[in-house]
Each structure stands twice: as C-alpha cells, then as structure tokens.
Amino acid sequence: MKKTVTTLQQQKLEGRKISMLTCYDYTTACLMEAAGVDTVLIGDSLGMTMLGYDDTLPVTMEDMIHHTRAVSRGLKNTFLIADMPFLSYQTSIYDAVMNAGRLMKEGHAQAVKLEGGAKVCEQIEAITKADIPVVAHLGLTPQSVNAFGGFKVQGKNEAQAKQILEDALAVEKAGAFMVVLECIPEKLATLITKRLTIPTIGIGAGAGCDGQVLVYQDMLGMFEGIKPKFVKQFAQIGKEMKDAFSAYDKAVKGGSYPAKEHSFGIDDEVIEAIDL
Ligand code: KIV
Ligand code: NA
C-alpha cells in the first residue's frame, strides 16, 4: 500500500509502529522498498556517510536534490522525506519555502524535514501553507553541533526537558505532521509522544515513540570504531564487503578471475584473419 501523510498518521492512531531508515541512493532505495520499510529519509547525514565530512554543515541544496532524485527512482510505496540542509531555511521564510519547494519539485520528495522548535515555527507554517508536508526534528539536532558544544544527549535537566516538550507542542501547532526526536531520554520521548497527536519518530529516544529511524550504515554495521549506544547492528555488512573486496583483489592478482565462464568467445578464423 502506498504510504502517505494520512496513512502514517493513521499508524499512530492505531498503535502500529512506523519504520524509517536513511537512504541516499537508488540501489539501496530498491532494497528498502522491497523490504517494506514505511518511510525513507534522505538525511543531511549524507554529508558524513556518503561525502566524508565531519558534520552535516557543509551539505548543500544541490547535494540534497542529487541524492533525493536518485532515491525517488527506486521507490513506489515508500514515503520519501528529504532533509533541508544547514542555511536553507534558517535565513528567511522565503528561503525556507523556496528550498522546501525545490526538494519537492526537483528532488521528488513527498515531505521535507528541518531542525528546531519554536525558532523555526514561522518557517514550518509557511512551508505547510505551500502544501508541503513538514517533519520537525528536536533534541540533538546535528546542525546545531557548534552551539551545543558537541554531540550529546539533550533534555536531561528540567529546563532542557521543558524546552523540548514546549518545542514539540509548538511545531505541531505550526503544522508539522511528524517529529523526529533524537538522543533524548526515553521517558521524555514517551511523554512527548502521548502529548502530541502527530507521530514521533525516535533515534536514541527509546521504545515509547510512534516509530524509529536509524542511519542505514550504522544498522548494517558498515562503520568500524564509532558506535553510539542507541545503534543496533542488524548485520555486519562492513565485514562482508571488506571480505568480498579482498577476495576480488586476490583473484585478480592471482589470475583466478576472470575464468572461462566470465569471458566472451569469437570464431578462431576471425582472430587469424586480423592477426597478421
Ligand atoms: O540526517 C539524518 O540522518 C537525520 C536522522 C538521523 C534523523 O536527520
Ligand atoms: Na538530518
């Protein structure tokens, strides 16, 4: 069944959890579509996972459109949300609506996501008025990494927890149809989920949310080293890939690949005729 803003909100009402994964390319999109994932997010995390930056700040609108288009070609029923990158909506209402529109028009997204609460509510309202569905993002919002002084859990003290709850109520009022809660305590996320009529999607926010999202390279075990507490590795694809690359390297260098069955034939007379 084709996923829409309406079917996703229905899932919350009926208590059926929503699955979301990040996605950045056509091949992966086809696999996620076949797996029956509800929604994919073209996260600006692509700056880190696909482009190798240290954070998401350098990601451009062109980067986002390029990857969003590619993913859209692999989807049929899966709902496609594209992130608004740093400085594409903070600067003005006009910028916010124009750039959200570009993600829909050029990227073929079905909704856009932006970071922040009360301070971006005017943008959420204006984008929503342009009939572009908006997902909000609260808690550890990575575009604010410099203001936060690093990537750390948000909302542990009373002032912060109250702020996040108020922001959640504010983005819902402004018209957001869904909100991502990143790296906040489980009980706070559960409380917010109960207080909102729109679905909450957690990442590092516990089991009380209406749905979950993970960066696919994290859940596939493609990165060695960094492994945040909230990540569960559902496979060790990084090791599988490295082993396959190494087997290929050895086969080429050792001459076992390509074999006869991988090669094309030709009549001997043709070769004899040209080999003068
Ligand atoms: O960019 C991203 O991948 C995200 C998710 C982690 C929510 O914003
Ligand atoms: Na993001």
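Owing to the predicted nature of the structure, the values given are computational and were not obtained by experimental measurement.

What counts and how
Residues numbered from 1 in each chain as written. Chains lettered and ligands numbered in written order. Predicted model: local features only at pLDDT ≥ 70, side-chain atom pairs only at ≥ 80, totals over all residues. Heavy atoms only, no water. Donors = N, O, S within 2.8 Å, 3.2 Å for Na, K, Ca; no water. Helix = DSSP H or I, 4+ residues; strand = E, 2+ residues; numbered from the N terminus. Buried < 20%, exposed > 50% of the residue type's maximum accessible area, 1.4 Å probe, protein only. 1 Å grid on protein atoms, 1.4 Å probe; cavity = no way out; pocket = protein on both sides within 12 Å on 5 of 7 lines; lining within 4 Å. Points joined across faces, edges and corners; volume = space filled by probe spheres on them. Nonpolar A, V, L, I, M, F, W, Y, C, P; charged D, E, K, R; others polar. Salt bridge = Lys/Arg side-chain N within 4 Å of Asp/Glu carboxyl O. Pairing = 2+ DSSP bridges. Axes fitted to C-alpha atoms, helices over the stretch in contact; angles between N-to-C directions. Contact = heavy atoms within 4.5 Å. Core = buried A, V, L, I, M, F, W, Y, C linked by side-chain atoms within 4.5 Å. Near = heavy atom within 4 Å. Polar contact = N/O pair within 3.5 Å; in protein donor to acceptor, adjacent residues only side chain to side chain. Areas by Shrake-Rupley, 256 points an atom, 1.4 Å probe, with all protein chains shown as cover. Sits in = over half its atoms within 2 Å of the grid points.

(A) Here's a closer look at the coordination of the sodium ion (ligand 2). Protein ligation of the sodium ion (ligand 2) involves D44 (OD) and D83 (OD), the donor distances falling in the range 2.2 to 2.3 Å. Here the residue D44 occupies a position in the loop between β2 (39-42) and α3 (46-49), and D83 occupies one in strand β3 (residues 79-83), the gap between them amounting to 39 residues. The class for D83 is buried, based on a relative accessible area of 4%.

(B) Just the layout of surface pockets, in detail. Roughly 940 Å³ of internal volume is contained in the largest pocket. Lining the largest pocket are 37 residues, and of these E182, I203, D218, P228 and F230 sit closest to its centre. When the residues that make up the lining of the largest pocket are grouped by side-chain class, the tally is 19 nonpolar, 8 polar and 10 charged. Looking at the second largest pocket, its volume works out to about 300 Å³. Contributing to the lining of the second largest pocket are 16 residues, with K119, G139, F148, Q163 and D167 lying nearest its centre. At the level of secondary structure, the elements contributing two or more residues to the lining of the second largest pocket comprise β5 (134-139), α7 (145-148) and α8 (158-174). A per-class count over the lining of the second largest pocket returns 5 nonpolar, 9 polar and 2 charged.

(C) Seen up close, the pattern of salt bridges. On inspection of all chains with the given rule, the structure shows 9 salt bridges. Linking D210 and K12 is a salt bridge whose minimum nitrogen-to-oxygen distance equals 2.8 Å. Residue D210 is located in the loop between β7 (200-203) and β8 (211-214), and its partner K12 is located in helix α1 (residues 5-13); the two are separated by 198 residues in the primary sequence. Looking at D210, the relative accessible area reads 12%, which means it is buried. Taking the shortest distance from any N to any O, the salt bridge between D243 and K239 comes out at 2.7 Å. Placement of the pair is D243 and K239 together in helix α11 (residues 237-254), with a separation of 4 residues, close to one helical turn. Connected through shared salt-bridge partners, E62, R102 and E106 make up one network.

(D) Broad picture of the sheet that holds strand β1 (residues 18-22). Pairing within the closed barrel is parallel, and its 8 strands lie in the order β1-β2-β3-β4-β5-β6-β7-β8. Adjacent strand axes in the sheet meet at a mean angle of 25°, parallel and antiparallel pairs treated alike. Here strand β6 (residues 178-182) pairs with β7 via 4 bridges, running parallel. Looking at the pairing, L181 lines up with G202 of β7. Here α8 sits on the sheet and contacts β5 and β6; the angle it forms with β5, its principal contact strand, is near 175°.

(E) Layout of the nonpolar core. Counting 69 residues, the largest nonpolar core has I124, I127, M178, L181 and I192 as its most contacted members. Ranked by residue count, the leading element in this core is α8, at 6 residues. In this structure I192 touches I164, L165, A168, L181, I184 and T200, once residues within four positions along its chain are discounted.

(F) Summary view of the site of ligand 1. Close to ligand 1 lie T22, L41, G43, D44, S45, D83, K113, H137, V180, I203 and V215, which account for all nearby residues. Measuring from an oxygen atom of ligand 1, one finds a side-chain N or O atom of D44 at 3.1 Å. Within the side chain of D83, a nitrogen or oxygen atom sits 3.1 Å from an oxygen atom of ligand 1. Burial of ligand 1 by the surrounding chains reaches 95%, relative to a free accessible area of 260 Å². Placement of ligand 1 is best described as lying within the largest pocket. Classifying every residue of the shell around ligand 1 gives 4 nonpolar, 4 polar and 3 charged.

(G) Structural detail: the pairing of strand β4 (residues 111-115). Within β4, 5 of the 5 residues are buried, which leaves the element mostly enclosed by the surrounding structure. A two-sided burial pattern is seen for β4, the buried positions comprising A111, K113 and E115 on one face and V112 and L114 on the other. Bridge analysis of β3 against β4 gives 3 bridges, and the strand direction is parallel. Within β4, the residue paired with D83 across the bridge is K113. As defined by bridge partners, β4 adjoins β5 across 4 bridges and the pair is classed as parallel. Looking across to β5, one finds that E115 is bridged to H137.

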